[in-house]
Amino acid sequence: MLLASAVVVWEWLNEHGRWRPYSPAVSHHIEAVIRAGPRAGSVVLGQADRRLAPYLLDLHSMHQFRQDTGTIRPVRRSYYDPSSAPGKGVVWEWENDSGSWTPYDMEVGITIQHAYEKQHPWIDLTSIGFCYVIDFSTMGQINRQTQRKRRIRRRLDLVYPLVTGTLPKSQSWPASPGVSSSPPTPPCTCPQCLLVMSVKAAVAAGANGGTGTAVPQQQQRKASAQSGGPKPPVPAPGLKPPDGMATTRVPLKTLASQVGRRQAASTPALSSASSATSPPAANGKVSRASLNTLNRTHLQRLAIAQSRVLIASGVPTVPVKNLNGSSPVNPALAGITGILMSAAGLPVCLTRPPKLVLHPPPVSKSEIKSIPGCGQHLPQDHQKAGKTPEEVLKKYLQKVRHPPDEDCTICMERLSTPSGYKGPQPVVKPDLVGKLSKCGHIYHLHCLVAMYNNGNKDGSLQCPTCKTIYGVKTGTQPPGKMEYHLIPHSLPGHPDCKTIRIIYNIPPGVQGPEHPNPGKSFTARGFPRHCYLPDSEKGRKVLKLLLVAWDRRLIFAIGTSSTTGESDTVIWNEIHHKTEFGSNLTGHGYPDANYLDNVLAELAVQGITEESTAQEKD
């Protein structure tokens, strides 16, 4: 636990493994719901931003749920220095291809704002994993590889909510920010928390004696000075540290700027110091001298080796969400806990959580195999050229001479009266009524023709009531390429078979007449996109049907991205794919026992089943 002030930023994990911040208004709304009831179950995000109307945030599982598609994404509650960009209401954005503005990730925005406040002429983002240079003189972003330039801007928004008091770890729940009027909840009783609490009590008792916490601070400063690393910050005068934390209380501003550099050096020191069992006079100098001869890489390897030994011996471990320092709080909590345990003579082992694994290990060309039973698919033209809408619908309808006393669910007028459709008038008489041959639902012919004209005009029709498909449904997917092959690795949950890798590649281009904005360019982000299926009987069945869906232009569409908000871009089209190879942190990976059945059901909704494809061939 850390006593400080911080701004709270709620973030969600997108399909590329990046944590994207909610707006300040949404974060304020979530915090307000938590304050109203610390044990609240869910938050309706549309109440703060109408663009998020389909989304719910489940506070107990810490996931965002989209009601119309069922998509689930992890969320987290992160803390940042009040003097950083989110604490000042500063938002940095870049201009996308459609001319709209996209905010940077919070980590990137804070880094840019820090350089801007220091009046640097430019900043290289390579150190935080991005091959971009930000030029403040031209307010531009330059890709170091392609030299492509984009405009950037700095704007002011609401300040993110501020909390003061004992800050829990990011992603922990339930957690009341600040001072709550509700009764305190009982502390966690898991062995790890009991251990940490007992260490805190022991160190606090030592501090009352006057000697309990002085040694760790002196040792840390001396080790830092000898290794050439940054000196630990001195607590600001006048601040009273909490019990048992006199040696580790630092301002969040200092943590944000130095913890990333300090963490790599301090972690081996914790591991090595805590494993010593003899007095410092006996071996302290020898150990310190030997560590000075190692560079950072060797120290990290040493720490990892010692951690493995500690794990094997059953030593309690402290899970840390981010040891690289992109968040100012998590590494600080890890360091505080490690120092407390070390001060009590307990061994310390910092571990990492599972990582996002999007791709398999490298595969040589000789290891990539073709898939038996999946022949080449040739593009087909499903457009019914030369046929009028009336001729197309005639195949699927039966005329009704005596309409029932019901409403037409398209125009909501009685079937016994003329159609109430007010758009462009088809040539069909407005009082004619027809019944669909398969499902038996009845509509005005006038309304069905109008609905067909507003669709893809591909010779197919879908009942607006029960979604039964007549003919072959096709989509508006832009041109591209679909490849697939076998790789010699197994997916989690499918250890007995190899893996089918599908690679989709769609280039950017210009929208056609069937797209939302004909003649306007569209973007194609994240291509090539790699997807994975188990090489099982059902996995190959899914592959064959996905080939049909690709051929019918149903895998992708052009629209507005639900993850970035960018319009006129290539998006998934309601047939879910698994894009994580070795993990399932975003919900788009394995293991997932129900995925193959779910995607078969999604394909069936699009009119793609083994039976329908066999009938089409016949």
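Here the structure is a predicted model, which means the values were calculated and not measured. (Residues numbered from 1 in each chain as written. Predicted model: local features only at pLDDT ≥ 70, side-chain atom pairs only at ≥ 80, totals over all residues. Heavy atoms only, no water.)

Visitor: How would you summarise the overall build of the chain if you had to cite specific residues and measurements?
Guide: From N to C terminus, the chain includes 14 helices and 27 strands. Going through the 618 residues of the chain one by one, you find that 43% of them count as buried. Relative to all contacts within the chain whose residues are 6 or more apart in sequence, the contacts with residues 24 or more apart total 63%. (Helix = DSSP H or I, 4+ residues; strand = E, 2+ residues; numbered from the N terminus. Buried < 20%, exposed > 50% of the residue type's maximum accessible area, 1.4 Å probe, protein only. Contact = heavy atoms within 4.5 Å.)

Visitor: Give a detailed account of unusual backbone geometry, specifying residues and quantitative values.
Guide: The omega torsion across phenylalanine 527 and proline 528 is 0 degrees, close enough to zero to call that bond cis. Along the chain, proline 528 turns up in the loop between strand S24 (521-522) and strand S25 (529-534). Along the chain, tyrosine 590 connects to proline 591 via a cis peptide bond; the corresponding omega equals 5 degrees. Along the polypeptide, proline 591 turns up in the loop between strand S27 (569-572) and helix H13 (595-605). Positioned with a positive phi, methionine 412 is a non-glycine residue whose angle comes to about 65 degrees. Secondary-structure assignment places methionine 412 in the loop between strand S16 (397-399) and strand S17 (433-436). With a relative accessible area of 52%, methionine 412 lands in the exposed category. The phi dihedral of aspartate 568 falls on the positive side, at around 55 degrees, and the residue is not glycine. By the secondary structure assignment, aspartate 568 is in the loop between strand S26 (556-559) and S27. On the basis of relative accessibility, which here comes to 6%, the residue aspartate 568 falls in the buried class.

Visitor: Requested: an account of the nonpolar core, with residues and values cited.
Guide: Ranked by internal contacts, the top residues of the largest apolar core, which has 38 residues, are Ile502, Tyr504, Leu533, Leu543 and Leu546. If you list the elements that add at least two residues to this core, you get strand S21 (481-487), strand S22 (499-505), S25, helix H12 (537-551), S26 and H13. Per element, the largest residue contribution to this core is seven residues, and it comes from H12. Formed by 21 residues, the second largest nonpolar core is a distinct cluster that contains Val392, Cys411, Val433 and Leu448. (Core = buried A, V, L, I, M, F, W, Y, C linked by side-chain atoms within 4.5 Å.)

Visitor: Break down H13 for me, with residues and values.
Guide: Listing the buried residues of H13 in full gives Tyr595, Leu596, Val599, Leu600, Glu602 and Leu603. Relative to the axis of H13, the buried residues are bounded by an arc of 160 degrees and lie together on one face. Just downstream of H13, glycine 607 is the residue with a positive phi angle, here 85 degrees. (Arc of directions from axis to C-beta.)

Visitor: Give me the lowdown on H12, citing residues and values where you can.
Guide: Taking 1.5 Å per residue as the helical rise, H12 with its 15 residues ought to reach 21 Å, and the 22 Å between its terminal C-alpha atoms agrees with that figure. Residues Gly539, Val542, Leu543, Leu545, Leu546, Leu547, Ala549, Trp550 and Asp551 constitute the buried set of H12. After H12 finishes, the residue arginine 553 shows a positive phi value of roughly 65 degrees. (Expected span 1.5 Å × (residues − 1).)

Visitor: Can you break down the pairing of strand S10 (residues 132-135) residue by residue, with the values?
Guide: Note that strand S9 (residues 122-124) and S10 share three bridges and pair antiparallel. Opposite isoleucine 123, over in S10, you have isoleucine 134 as the bridge partner. As judged from the four bridges shared by S10 and strand S11 (residues 140-143), these two strands associate in the antiparallel manner. Among the inter-strand pairings, tyrosine 132 is bridged to a residue of S11, identified as asparagine 143. Taking the residues that link successive antiparallel strands as the turn, the S10-S11 hairpin has four residues, and the phi of methionine 139 there is positive, at about 50 degrees. (Pairing = 2+ DSSP bridges.)

Visitor: So what about the sheet that holds S16? Which residues, and what values?
Guide: One open sheet accounts for three strands, arranged S16-S17-S18; its pairing is antiparallel. The outermost strands of the open sheet, each flanked by one partner alone, are S16 and strand S18 (442-444). Across the sheet, the axes of successive neighbouring strands diverge by a mean angle of 40 degrees, strand direction being ignored. Of the pairings in the sheet, the one linking S17 to S18 comprises three bridges and is antiparallel in character. Each bridged residue has a counterpart across the sheet, and for valine 433 the counterpart in S18 is histidine 444. (Axes fitted to C-alpha atoms, helices over the stretch in contact; angles between N-to-C directions.)

Visitor: Describe the pairing of strand S6 (residues 72-80), listing the residues and the values that go with them.
Guide: Along any regular strand, the residues point their side chains to alternate faces of the sheet. The element S6 is largely enclosed, with a buried count of eight among its nine residues. Sheet topology note: the strand S5 (residues 63-66)/S6 ladder contains three bridges and is antiparallel. Looking at S6, one finds that glutamine 64 is bridged to arginine 73.

Visitor: Describe the pattern of salt bridges, and please don't skip the residues or the numbers.
Guide: Counted by the stated rule, this structure contains 24 salt bridges. Bridged by salt links that share partners, the residues Asp97, Arg148, Arg150, Arg525 and Glu566 form one connected network. (Salt bridge = Lys/Arg side-chain N within 4 Å of Asp/Glu carboxyl O.)

Visitor: Break down the side chain of glutamate 566 for me, with residues and values.
Guide: Take glutamate 566: it is sitting in the loop between S26 and S27. Owing to a relative accessible area of 4%, glutamate 566 belongs among the buried residues under this scheme. Within polar-contact distance, the side chain of glutamate 566 engages the side chain of threonine 523 at 3.1 Å. For glutamate 566, the side chain forms a polar contact with the side chain of arginine 525, separated by 3.1 Å. Ignoring any residue separated from it by four or fewer positions in sequence, one finds glutamate 566 in contact with Asn96, Asp97, Ser98, Thr523, Arg525, Gly559, Thr560 and Ser561. (Polar contact = N/O pair within 3.5 Å; in protein donor to acceptor, adjacent residues only side chain to side chain.)

Visitor: I'd like a description of the state of the cysteines, backed by residues and values.
Guide: Think of a disulfide as a covalent bridge from one cysteine sulfur atom to another cysteine sulfur atom. A full pass over the atoms with the stated rule returns zero disulfides. For the unlinked cysteine cysteine 439, the closest cysteine sulfur is that of cysteine 466, found at 3.8 Å. We note that cysteine 463 lacks a disulfide partner, and the nearest cysteine sulfur, in cysteine 466, lies 3.7 Å from it. With a relative accessible area of 1%, cysteine 463 lands in the buried category. (Disulfide = S-S within 2.5 Å.)

Visitor: Could you give an account of the packing of H12 against H13, naming the residues involved and the relevant values?
Guide: The relative placement of two packed helices is expressed as an angle between their axes plus a distance between the axes. One can describe the packing of H12 onto H13 by two numbers: an axis separation of 10 Å at closest approach and a directional angle of 30 degrees. On the basis of their axis angle, the class for H12 and H13 is roughly parallel. In the packing of H12 onto H13, the handedness of the crossing is left-handed. In this structure, H12 uses Lys538, Gly539, Lys541, Val542, Leu545, Leu546 and Ala549 to contact H13, whose residues at the interface are Leu596, Asp597, Val599, Leu600 and Leu603. Class assignment for the residues of the contact of H12 with H13 results in eight nonpolar, one polar and three charged. (Parallel < 35°, antiparallel > 145°, perpendicular 65-115°, else oblique. Left-handed = near helix turned anticlockwise from the far one by under 90°. Nonpolar A, V, L, I, M, F, W, Y, C, P; charged D, E, K, R; others polar.)

Visitor: Residue-level account of the packing of aromatic side chains, with values.
Guide: Evaluated as defined, the whole model comprises eleven aromatic pairs. Both rings, one in tryptophan 92 and one in tyrosine 116, keep their centres 5.3 Å apart while their planes meet at 70 degrees; by these two values the pair is edge-to-face. Taken as a pair, tryptophan 92 in strand S7 (residues 90-95) and tyrosine 116 in helix H3 (residues 106-117) lie far apart in primary sequence, 24 residues in all. Residue classification places tryptophan 92 among the buried residues on the basis of a relative accessible area of 2%. Taking 5.3 Å as the distance between ring centres and 70 degrees as the angle between the ring planes, the aromatic pair formed by tyrosine 532 and phenylalanine 581 counts as edge-to-face. Remark: phenylalanine 581 occurs in the loop between S27 and H13 and tyrosine 532 occurs in strand S25; sequence separation between them is 49 residues. Phenylalanine 581 carries the same exposure label as tyrosine 532, and that label is buried. The structure contains a cluster of three or more aromatic residues connected by ring pairs, namely Tyr504, Phe527, Trp550, Phe556 and Trp572. Sitting above the plane of the tyrosine 470 ring, lysine 438 keeps its charged end 5.4 Å from the centroid. When the ring centre of tyrosine 590 is taken as origin, the NZ or CZ atom of lysine 578, which lies over that ring, is 6.0 Å away. (Phe/Tyr/Trp six-rings, centres within 6.5 Å; stacked < 30°, edge-to-face > 60°. Lys NZ or Arg CZ within 6 Å of the ring centre and 35° of its normal.)

So far we have only geometry, and geometry alone does not tell us how the molecule works.
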